[in-house]
Amino acid sequence: MVDEALSAGAVARRLGVAVTTLRTWHQRYGLGPSEHIPGHHRRYTPSDLVRLEIMRRLTAEGVSPAEAARWARQAPDPTSNGTATRIHPTGRDGGGTIPVGRAGPAARGLARAAMRLDAAAISETIAHALAADGVVATWDGLLRPVLAGIGERHAATSGLIEVEHLMSRCVSEALAAASWAKVPTGPARILLSCADEEQHTLPLEALAAALAEAGVGYRMLGARVPVAALVEAVNRTGPAAVVLWSQTRATADPAQLSALLAAPRRPLLVLAAGPGWRADTLPAGVVRPVDLAEAVSLSAAVRDALHQSRRD
């Protein structure tokens, strides 16, 4: 538990709820911020946060908001003895949690919102992170840990399919909005594609948004692109670089990369992105970026090199 007072936005991200939900709990049930400094917005204290956490947990388990608020208001002040008592009249754990490793409070709040299927809170958290931190930091520090945690839970329980679908849709919409907000004015020099039969597109959508943020023009072909269609797209558009994404070994056929290298309008750079590719199977001349930031950097560098060569 933090000791400093927090803004409504910070509390919303920590709890994984929408700011509008906090306002409702304040107006209807009196669970609002208690610290007030004249001339400033009220802020939430650690005591407020304990009560709101109880409210969030109980309402997620089906307790009526009025009853949950009654329990929350009975919570002891955690600053009185340094500890907070967990009030839990139902004795249930809310259906489990999504592991996010060492990711911060925002990722834990996003994971809680995903478990509740709270699309508004999910979208609000992602949009705030994109605006505040940018695409690469949001992907690495917020989205990837939560998506990986959902995958871990699904592998262990065969559940959370509905959570994964909703989370994926919200992430895709947020990344698309970020991409359209900063459409590059120059020509599309980077071609983005999934490998043949590869259906995982979110990492490629993150790369598209990061390229747009960096002012690098791109074309996105999307999921399950047959190698013949990919080569045809390369020959028709002449991109400076091609990024081919593979999530799993089943879709990481190096022959697809060899076909790109043999294309009549061979790109200056071919990037084999994603965990599906094995470094020891890549054809000579193919680069495997270690993360999203490196993929953006390499794409921007080859774009700039092409511009420079044309000026010379």
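Position numbers for residues count from 1 along each chain, tracking the sequence in the order it is written. Residue-level local features of this predicted model are given only where pLDDT is at least 70; pairs of side-chain atoms are given and counted only at 80 or more, and the full residue set underlies all totals for whole chains, interfaces and linings. Side-chain metrics rest on all non-hydrogen atoms present in the structure, leaving aside hydrogens and water.

1. Considering the environment of Gln247
Part 1 of the argument: Put simply, DSSP H or I for four residues or longer makes a helix, DSSP E for two residues or longer makes a strand, and each gets a number counted from the N terminus. For Gln247, the location among the structural elements is in the loop between β3 (241-245) and α11 (254-261).
Part 2 of the argument: Sequence separation of Gln247 and Gly274 is 27 residues, and the distance between their C-alpha atoms is 5.4 Å.
Part 3 of the argument: If we skip the residues at most four places from it in the chain, Gln247 touches Glu198, His200, Pro203, Pro275 and Gly276.
Part 4 of the argument: Polar contact criterion, stated in full: a pair of N or O atoms within 3.5 Å, where within protein one must be able to donate a hydrogen and the other to accept it, and residues adjacent in sequence count only if both atoms are side-chain atoms. Within the structure, the side chain of Gln247 is placed 3.4 Å from the side chain of Trp245, a separation counted as a polar contact. By definition in these notes, contact holds between two residues if any of their heavy atoms fall within 4.5 Å.

2. Examining the pattern of salt bridges
Part 1 of the argument: By definition here, a salt bridge exists when the distance from a side-chain nitrogen of Lys or Arg to a carboxyl oxygen of Asp or Glu is within 4 Å. One pass over the full model with this rule turns up 9 salt bridges.
Part 2 of the argument: One salt bridge in this structure joins Arg70 and Glu67, with 2.6 Å as the shortest N-O distance. With Arg70 and Glu67 both in helix α4 (residues 65-73) and 3 residues apart, the pair spans about one turn of that helix.
Part 3 of the argument: The closest approach of N and O atoms between Arg116 and Asp118, which form a salt bridge, is 3.2 Å.
Part 4 of the argument: Overlapping salt bridges, with partners in common, bring together Glu53, Arg56 and Arg57 in one network.

3. Some words on the nonpolar core
Part 1 of the argument: Ile122, Met167 and Leu207 are the most contacted members of the largest nonpolar core, which has 52 residues in total.
Part 2 of the argument: Ignoring sequence-local partners within four residues, the contact set of Leu207 consists of Leu192, Val243, Leu292, Ala295 and Val296.
Part 3 of the argument: Membership of the second largest hydrophobic core comes to 22 residues, among which are Tyr29, Met55, Ala68 and Ala69. Grouping buried Ala, Val, Leu, Ile, Met, Phe, Trp, Tyr and Cys residues that are joined through side-chain atoms within 4.5 Å yields what is termed a nonpolar core. Burial classes: relative accessible area under 20% of the type maximum marks a residue as buried, over 50% as exposed, and values in between as partly exposed (1.4 Å probe, protein chains only).

4. Observations concerning helix α5 (residues 105-115)
Since the α-helix turns once every 3.6 residues, residues separated by three or four places project in the same direction.
Part 1 of the argument: For α5, the full list of buried residues reads Ala107, Gly109, Leu110, Ala111, Ala113 and Ala114.
Part 2 of the argument: Among the structural elements, α1 (8-15), α6 (119-133), α7 (135-157) and α8 (161-181) are those in contact with the buried residues of α5.
Part 3 of the argument: Leu117 occupies a position one or two residues after α5 and carries a positive phi of about 60°.

5. Some words on the sheet that holds strand β2 (residues 218-222)
Part 1 of the argument: When DSSP finds at least two bridges between two strands, those strands are taken to pair. Overall, parallel pairing links the 5 strands, which are arranged β2-β1-β3-β4-β5 in an open sheet. Among the strands making up the open sheet, the edge pair consists of β2 and β5 (286-287).
Part 2 of the argument: Summarising the sheet, strand β1 (residues 190-194) and β3 pair through 5 bridges and their orientation is parallel. Among the inter-strand pairings, Ser193 is bridged to a residue of β3, identified as Leu244.
Part 3 of the argument: Only the stretch in contact is used when a helix axis is fitted, and all axes are lines through C-alpha atoms; the angle between N-to-C directions ranges over 0 to 180 degrees. Packed onto the sheet, helix α9 (residues 202-213) meets β1, β2 and β3 and runs at close to 165° relative to β1.
Part 4 of the argument: In this fold α11 packs onto β3, β4 (269-273) and β5, with an angle of close to 165° to the strand it touches most, β4.

6. Topic: the pairing of β4
Part 1 of the argument: The buried fraction of β4 is high, at 5 of 5 residues.
Part 2 of the argument: Burial along β4 is two-sided: the face carrying Leu269, Leu271 and Ala273 and the face carrying Val270 and Ala272 are both buried.
Part 3 of the argument: Where β3 meets β4, 5 bridges bridge the pair, whose relative direction is parallel. Paired with Val243 across the bridge in β4 is Leu271.
Part 4 of the argument: One crossover worth recording links β3 to the parallel β4 by way of α11, and it is right-handed.
Part 5 of the argument: Pairing analysis gives 2 bridges linking β4 to β5, with the strands arranged parallel. Pairing of Leu271 across the sheet is with Val287, part of β5. Look down the strands so they point away from you; if the path from the first strand over the helix to the second goes clockwise, the crossover is right-handed.

That's the geometry; what it means functionally is another story.
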